Amino acid sequence: MERIIEEIREDLNRRIPVAAERLADRTSAEDPAYAAYAALLGRAALRDRIQHVLRQAVEDLVRASRGLPPDLSDARAQGALRAGQGLPLDSLLRMYRLCGRLLWQTLTEAVAAHDRAALPRLLPGAPALWDVIDRMADAAAESYRRAEAVPGERERELRAALLDTLLDGTGSAAEAARAAERLGLPERGRFAVAVLGAGPDSGAGSGSDSRSGAPAGPPTAGPPPTGAPRVLWRIRGDGETGLVELGHHPLESVRELLAPLGASAGVSPVVTAPAELARARLLAVLALRTASAEKGPRTVLLDEQLPAALVAAEPELADRLRRVVLGPVLALAPEDRRVLLTTLGTWLTCQGSTTYAAQRLYCHRNTVSNRLRRLEQLTGRTLSDPAHVVELALAHTAVTQHRKAERAPATAPATAPATSPGPVPPPSTSRPSRTPAGTARRLPPPPA
């Protein structure tokens with residue numbers, strides 16, 4: 001191939017500018033992106049760029065015939081440049097394909113003009129030419145995508161920092177208002193916070209707007225489903241949190257929004273200002289801690305589980321409560337302890353009906369009554385006294401939450417509020433570690 005090119009070099013040098021002129025005309029007419037490029041930078045700039053690509057491809061053909069790799073530095077530079085100018089990648093790649101086709105036609109015409117009998121010698125060079133063009137296009141596309149990803153990554157990092165300002169409560173009310181404005185949230189509105197527990201599709205690093213994830217890369221972002229609240233998601237080392245802009249939607253609509261995720265979730269009450277979102281997040285954490293693992297993944301609204309949330313808010317008092325009220329039951333053999341606690345929990349769920357409790361436990365109602373009498377004897381409390389029932393119900397909740405905490409993996413997200421004199425502690429001033437993904441979007445689990 002090198003020998004053929006050297007034989008027609010002089011004629012080829014004359015033909016390339018003419019070919020570049022034709023291709024510049026065609027591209028400007030057929031591709032709106034390049035038409036805008038030519039209008040902005042001048043048609044001569046487009047023609048010169050095409051001519052440069054054609055000459056570079058010829059030189060790379062010579063290098064390939066010598067066993068050397070093509071020089072892709074110019075293609076990489078052009079890819080990054082065109083990304084910055086906003087030229088579509090499809091237009092850039094189409095230009096390389098057209099250059100390859102035009103160069104082959106020009107080579108054929110030059111060889112035919114020089115020595116038509118030499119045309120068969122040119123044919124083996126076709127694969128080499130297209131390999132050069134493909135490698136130039138690939139290098140340009142890779143550089144284009146890298147350049148294009150830089151502002152996207154910076155945008156994700158900015159969004160993550162703004163969400164942290166709102167969800168951690170580390171800034172002033174004015175800073176929270178500015179963060180909300182940059183996220184497109186109103187100064188006053190209806191907001192809630194959802195905190196997700198571990199689910200079948202969970203994983204730190206999975207990733208944004210309306211549910212990103214990002215594996216170790218950026219999340220899939222998109223508009224929320226029609227008629228659904230907007231959600232801004234944030235994944236960090238301490239868990240996955242969603243800021244819900246409810247608008248006119250009821251708080252219960254969050255259940256339907258989170259249902260496809262296959263994970264338990266805690267949802268805060270409605271707040272009306274961005275500065276209240278940090279406290280709402282802590283309340284959502286409490287709501288999540290009331291979710292019973294035995295009932296499977298579900299969304300818990302805090303206001304529906306206030307007694308259980310009260311227990312979850314004070315771990316030390318909850319531990320004391322379960323030991324003082326149910327201590328003798330907890331000291332029993334494992335099977336006896338399980339039977340009595342299950343019976344008490346079922347009786348409470350059935351609103352104090354031994355008949356319904358017996359149906360759920362698949363035993364005779366007298367068996368339930370005997371178990372409950374034994375529990376009364378062990379605890380010194382009677383189920384006919386409403387005050388004692390409250391104590392037993394809260395203590396049973398404390399036991400359930402304690403078991404759930406014991407089963408949780410050692411690496412569970414540290415989203416639970418620390419113990420404090422009040423029901424919910426103030427926001428911590430220390431920022432938890434973040435995953436590289438920044439904001440993220442959790443995708444629904446694939447169908448079985």
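Treat the numbers as computed from the prediction; the structure is a model and nothing was measured. (Residues numbered from 1 in each chain as written. Predicted model: local features only at pLDDT ≥ 70, side-chain atom pairs only at ≥ 80, totals over all residues. Heavy atoms only, no water.)

Turning next to the overall build of the protein. Helix and strand content of the protein: 17 helices and five strands. Put simply, the protein has 448 residues, and 45% of those count as buried. Of the roughly 22300 Å² that the protein leaves accessible, carbon and sulfur atoms contribute 55%. (Helix = DSSP H or I, 4+ residues; strand = E, 2+ residues; numbered from the N terminus. Buried < 20%, exposed > 50% of the residue type's maximum accessible area, 1.4 Å probe, protein only. Areas by Shrake-Rupley, 256 points an atom, 1.4 Å probe, with all protein chains shown as cover.)

With that settled, consider unusual backbone geometry. In the Ramachandran plot, Gln 351 falls in the positive-phi region, its phi being about 60° despite a non-glycine side chain. Assignment of secondary structure puts Gln 351 in the loop between α14 (334-349) and α15 (354-361). At Tyr 362, a position not held by glycine, the phi torsion is positive, near 55°. Using a relative accessible area of 77% as the deciding quantity, one classes Tyr 362 as exposed.

Read from one edge of the open sheet, five strands run β2-β3-β1-β4-β5, paired in mixed fashion. Here the strands that pair on one side only, and so sit at the sheet edges, are β2 (230-236) and β5 (299-301). Across the sheet, the mean angle from the axis of one strand to that of its neighbour is 20°, orientation sign disregarded. Examined bridge by bridge, strand β1 (residues 191-196) and strand β3 (residues 239-245) share six bridges and lie antiparallel to one another. The residue of β3 that forms the bridge with Leu 196 is Glu 240. (Pairing = 2+ DSSP bridges. Axes fitted to C-alpha atoms, helices over the stretch in contact; angles between N-to-C directions.)

Let's shift gears to the nonpolar core. Ranked by internal contacts, the top residues of the largest apolar core, which has 48 residues, are Leu 46, Ile 50, Leu 54, Leu 92, Tyr 96 and Met 136. Those elements that provide at least two residues to this core are α1 (2-7), α2 (9-30), α3 (32-41), α4 (43-65), α5 (73-85), α6 (89-114) and α8 (125-168). Looking at this core element by element, the count peaks at 12 residues for α6. Beyond its immediate sequence surroundings of up to four residues, Leu 92 is in contact with Tyr 34, Gly 79, Arg 82, Leu 87, Ala 140 and Tyr 144. Ala 180, Phe 191, Leu 277 and Ala 284 belong to the second largest nonpolar core, which has 20 residues in total. (Core = buried A, V, L, I, M, F, W, Y, C linked by side-chain atoms within 4.5 Å. Contact = heavy atoms within 4.5 Å.)

Turning our eyes to something else, we now look at the side chain of Thr 241. Along the polypeptide, Thr 241 turns up in strand β3. Ignoring anything within four residues of it in the chain, the contact list for Thr 241 reads Leu 167, Val 193, Ala 194, Val 195, Leu 232, Trp 233, Arg 234 and Arg 281.

Between side chains of opposite charge, a pair can form when the charged atoms approach closely. For the structure shown, the criterion picks out 23 salt bridges. When the shortest N-O distance is used, the salt bridge between Arg 15 and Asp 11 registers 2.8 Å. Placement of both Arg 15 and Asp 11 in helix α2 is noted, with a separation of four residues, approximately one turn of the helix. Relative accessible area serves as the criterion here: at 26%, Arg 15 is assigned to the partly exposed category. One connected set of salt bridges, linked through shared partners, spans Glu 10, Asp 11, Arg 14, Arg 15 and Glu 109. (Salt bridge = Lys/Arg side-chain N within 4 Å of Asp/Glu carboxyl O.)

Let us look at helix α11 (residues 277-289). In this model α11 runs 18 Å from its N-terminal to its C-terminal C-alpha over 13 residues, within 8% of the 18 Å that 1.5 Å per residue would give. Most of α11 is tucked away: 11 of the 13 residues are buried. Regarding α11, the residues found buried are Leu 277, Ala 278, Ala 280, Arg 281, Leu 282, Leu 283, Ala 284, Val 285, Leu 286, Ala 287 and Leu 288. (Expected span 1.5 Å × (residues − 1).)

Once that is clear, we can look at the environment of Thr 354. As for its placement among the helices and strands, Thr 354 is situated in helix α15. Expressed as a C-alpha distance, the spacing of Thr 354 and Ser 369, which sit 15 residues apart in the sequence, is 6.7 Å. Sequence-distant contacts of Thr 354, that is, excluding residues within four places in its chain, are made with Trp 347, Arg 365, Val 368, Ser 369 and Leu 372.

Bringing the packing of α3 against α4 into the picture now. As a packed pair, α3 and α4 sit with axes 6 Å apart at the nearest point and diverge in direction by 115°. Across the interface between the two elements, Tyr 34, Tyr 37, Ala 38 and Leu 41 of α3 pack against Arg 43, Ala 45 and Leu 46 of α4.

A few words now on α14. In a regular helix each residue adds 1.5 Å, so 16 residues correspond to 22 Å; α14 covers 22 Å between its end C-alpha atoms and thus fits that length. Where α14 is concerned, the buried positions are Leu 340, Leu 341, Thr 343, Leu 344, Gly 345, Thr 346 and Trp 347. In this structure, the buried side of α14 is in contact with α13 (315-330), α15, α16 (365-379) and α17 (386-407). One or two steps after α14, the chain reaches Gln 351, where phi turns positive at roughly 60°.

On to the confidence of the model for the protein, then. Considering every residue of the protein, the mean pLDDT works out to 80; 83% of them sit at 70 or more. Note on residues 200-207: pLDDT is under 50 here. Beyond four places in sequence and across chains, it has 33 contacts. Confidence drops under pLDDT 50 across residues 211-224; counting only partners more than four residues distant or on other chains, this segment forms 61 contacts. (pLDDT = per-residue confidence, 0-100.)

Attention shifts here to the side chain of Arg 236. Of note, Arg 236 is situated in strand β2. On the basis of relative accessible area, Arg 236 is assigned to the buried category, the value being 4%. Reaching out from Arg 236, the side chain makes a polar contact with the side chain of Asp 164 at a distance of 3.0 Å. At 2.9 Å, the side chain of Arg 236 forms a polar contact with the side chain of Asp 168. (Polar contact = N/O pair within 3.5 Å; in protein donor to acceptor, adjacent residues only side chain to side chain.)

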